[in-house]
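Residue-level listing of the chains:
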Amino acid sequence: MSLTEIKARVDAAAQKAGRDPDEIALIAVSKVQPNDRVQKVLESGHRSFGENKVQEAAGKWPDFRSRFEGIALHLIGPLQSNKTRQAMQLADAIHTVDRPKLAKAIARIAQEEGKCPDLFIQVNTGEEPQKAGVLPADVDTFVADCRALDLPILGLMCIPPVEEEPALHFALLAKMAARNGLTGLSMGMSADFESAIALGATHIRVGSAIFGDRVPG
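The structure contained in this document is the topic of the report that follows. (Residues numbered from 1 in each chain as written. Predicted model: local features only at pLDDT ≥ 70, side-chain atom pairs only at ≥ 80, totals over all residues. Heavy atoms only, no water.)

## Focus: unusual backbone geometry
Part 1 of the reasoning: Backbone geometry places Glu127, a non-glycine residue, at a positive phi of 50°.
Part 2 of the reasoning: Structurally, Glu127 is set in the loop between strand E5 (118–122) and helix H6 (139–148).
Part 3 of the reasoning: The phi angle at Asp150 is positive, at roughly 65°, despite the residue not being glycine.
Part 4 of the reasoning: Mapping Asp150 onto the fold places it in the loop between H6 and strand E6 (153–157). (Helix = DSSP H or I, 4+ residues; strand = E, 2+ residues; numbered from the N terminus.)

Shown next as structure tokens:
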């Protein structure tokens, strides 16, 4: 499926939900994709991309940024505390703030560097033991703690359990965000982004539907 087709589906889903398509950021998830595929998407004019790993992003995006203007890079994978400074220097947004230690590290580095990416708190809406994220019962406290650190929390992010109806998790995330006065909702991927848009997603993360199957290195 082409980027043009995905954008058309985003527009249609937004219009069906009575929303402005311009309110929805389409993040092209370029993790584990060959540079030639990424370059083709850049050449088409798209500028919003997502990476899982800091090391991969560091090896890919400085060169692309030297050749293409206006790139917005989103870090959407788990972030180790010792990679925080590098992540903050590379990314325009981090979608996986999920624990006090990481929040404190981001706050300290933001003070030192005088800037901070937009931040999303990752919520483990399915309460899956193997998955990162703040538990739903702890979201309100964690949001308050992040705000006390002067962190620019834009919204919440989730990855629903694969065996469950994603709309239930999207609705839960939207409810938690609204309760905390947060407008950003990073939710929805290749298989379910239309449902996410219907439930208020502001950032959707689409990889294989744009680039094709991943090519592990």
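## Describing the packing of helix H2 (residues 35–43) against helix H3 (residues 54–67)
Part 1 of the reasoning: Relative to each other, H2 and H3 sit at 35°, their axes nearing to 12 Å. Considering the relative orientation of H2 and H3, their crossing is right-handed. Together, Asn35, Val38, Gln39 and Leu42 of H2 and Lys60, Trp61, Phe64 and Arg67 of H3 make up the contact between the two elements.
Part 2 of the reasoning: Considered class by class, the residues forming the contact of H2 with H3 number four nonpolar, two polar and two charged. (Axes fitted to C-alpha atoms, helices over the stretch in contact; angles between N-to-C directions. Left-handed = near helix turned anticlockwise from the far one by under 90°. Contact = heavy atoms within 4.5 Å. Nonpolar A, V, L, I, M, F, W, Y, C, P; charged D, E, K, R; others polar.)

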